[in-house]
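# Coordinates in review
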Amino acid sequence: MSDLQRLPNLLALRAFEAAARHQNFSRAADEIHVTHGAVSHQVRALEQDLGVALFTRHGKRLTITQQGAQFAQTVRNALQDIVQATQAIREETRQKRITVSSIPSFAARWLAPRLGKFIEQNPCTELVLQTSGQLQDLVRDGIDVGIRFGQGQYPGLAVERLMGDAYYPVASPGYNQGRLPSTPRQLKPAQLLRSDEPWLPWFQAANLKLAEPTGGVRFQDLSMLIRSAVAGNGIALVRHVVAMQEIASGELVRLFDVAVKSPSHYYLACPPEALHKPHVQAFRQWLMEEIAIFKTQTGQAVD
């Protein structure tokens, strides 16, 4: 029989150590989130296993014996060793993990397809990718890196511009049985899919005197807007960065040569203390390299 097989029940040891420290079963029960009866049962089972009394009981009063006090100190030291070893492993794991939060459309259509390259270059790093359409508190939520689309005003964070974007209309090549409009003037309001991004700036750039479309479905997620356009449900105004996959695959066709620069840009935002972590620096360097490649491939649209 190995020494470990002679080890008393670990739950009983934990209950005993807490009871010894508090000299009270009820307070011990509160600390380890069990009932008073559970602590009393565990301690009695431990006493039976050891063949000695660890406490003397006088009604509701509880007094630890000399043998009990000595044993409690040994158990406490052993449990503290386990705590320290656990904390060391958790810290090592945290040092190898990076949590990235991104707007859903950018995460799904630009970032996620490229992350395999980052993992190849950093095989010991675990990257947790979260998506949210809300402006998160990166510090409170324990997020190392936030990728945001806006004006770059994020107080308390280290902020760096990544790239811009541009809007233009797209449609499925099979939309309207393949009879796609060849000029902006052929657009009809009923054909236009709506999102939170307004059509009006693009109408003005195309010299069209049309009002902002109303009615019908309004998509808050650009990924859903793009899927609707791919399905042939209408003509969508999309951001270049998030629609490139479908355009490259031929699922969507860009209409006309009129594009409007977005007033918002993509930004890297980090809590200042996270920016100096080696894995965050590695991610930032990789991201900047990928964006430089993307800008070279796509030209002026994302400057």
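Residues numbered from 1 in each chain as written. Predicted model: local features only at pLDDT ≥ 70, side-chain atom pairs only at ≥ 80, totals over all residues. Heavy atoms only, no water.

### Section: the overall build of the protein chain
Secondary structure summary: the protein chain contains 11 helices and 13 strands in total. Against the globule reference of 19 Å for 303 residues, the protein chain gives a C-alpha radius of gyration of 31 Å, more extended than a compact globule. Expressed along its principal axes, the backbone C-alpha trace of the protein chain runs to roughly 95 × 40 × 40 Å. The buried share of the protein chain, reckoned over its 303 residues, is 42%. Taking as baseline every contact in the protein chain between residues at least 6 positions apart, the subset at least 24 positions apart corresponds to 73%. Seen as two clouds, the 32 positive and the 27 negative side-chain charges of the protein chain have centres 5 Å apart. (Helix = DSSP H or I, 4+ residues; strand = E, 2+ residues; numbered from the N terminus. Rg over C-alpha atoms; globule rule 2.2 N^0.38 Å. Buried < 20%, exposed > 50% of the residue type's maximum accessible area, 1.4 Å probe, protein only. Contact = heavy atoms within 4.5 Å. Lys, Arg positive; Asp, Glu negative; His and termini not counted. Charge placed at Lys NZ, Arg CZ, Asp CG, Glu CD.)

### Points about the environment of Ala229
With respect to the element layout, Ala229 can be found in helix H8 (residues 222–230). A relative accessible area of 0% places Ala229 in the buried class. As a C-alpha pair, Ala229 and Val253 span 24 residues in sequence and 10.0 Å in three-dimensional space. Those residues in contact with Ala229 that sit more than four places away from it in its chain are Ser172, Leu193, Gly234, Ala236 and Leu252.

### Regarding the pairing of strand E2 (residues 61–64)
Alternating positions in E2 separate cleanly, Leu62 and Ile64 being buried on one face and Arg61 and Thr63 remaining unburied on the opposite face. Two elements, strand E1 (residues 55–58) and E2, share 4 bridges in a ladder whose sense is antiparallel. Its bridge partner lying in E2, His58 is registered against Arg61. The antiparallel hairpin formed by E1 and E2 contains 2 residues in its connecting segment, where Gly59 sits at a positive phi of about 65°. (Pairing = 2+ DSSP bridges.)

### Regarding the pattern of salt bridges
Enumeration according to the criterion identifies 14 salt bridges in this entry. The salt bridge involving Glu31 is made with Arg21; its shortest N-O contact spans 2.7 Å. Separated by 10 residues along the polypeptide, Glu31 in helix H2 (residues 25–32) and Arg21 in helix H1 (residues 10–22) bring together distant segments of the chain. Note that Glu47 is salt-bridged to Arg57, the shortest N-O span being 3.2 Å. Pair noted here: Glu47 is in helix H3 (residues 36–50) and Arg57 is in strand E1, with a separation of 10 residues, a long-range link. What makes Arg57 partly exposed here is its relative accessible area of 28%. (Salt bridge = Lys/Arg side-chain N within 4 Å of Asp/Glu carboxyl O.)

### With respect to the UniProt feature "domain: HTH lysR-type" (unreviewed entry) in the protein chain
Those places that UniProt annotates as "domain: HTH lysR-type" (unreviewed entry) correspond, in this numbering, to residues 8–65. A helix fraction of 62% and a strand fraction of 14% characterise residues 8–65, whose end C-alpha atoms lie 19 Å from each other. (UniProt positions renumbered as here; feature names shortened; annotations may be inferred.)

### Observations regarding the side chain of Ser262
With respect to the helices and strands, the residue Ser262 is situated in the loop between strand E12 (260–261) and strand E13 (265–270). Look at Ser262 and you get buried, because its relative accessible area is 5%. Within the local environment of Ser262, its side chain forms a polar contact with the backbone nitrogen of Ser264, the two atoms lying 3.1 Å apart. Excluding its chain neighbours within four sequence positions, the residues that come into contact with Ser262 are Phe149, Asp165, Ala166 and Tyr167. (Polar contact = N/O pair within 3.5 Å; in protein donor to acceptor, adjacent residues only side chain to side chain.)

### Some points on H2
Every buried residue of H2 is listed here: Phe25, Ala28, Ala29 and Ile32. Considered in projection along H2, the buried side chains sweep an arc of 100° and stay on one side of the axis. In this structure, the buried side of H2 is in contact with H1, H3, E1 and E2. Of the residues that open H2, the one with a side-chain oxygen 2.8 Å from the backbone nitrogen of Ser26 is Asn24. Just beyond H2, the residue with positive phi is His33, at close to 60°. (Arc of directions from axis to C-beta.)

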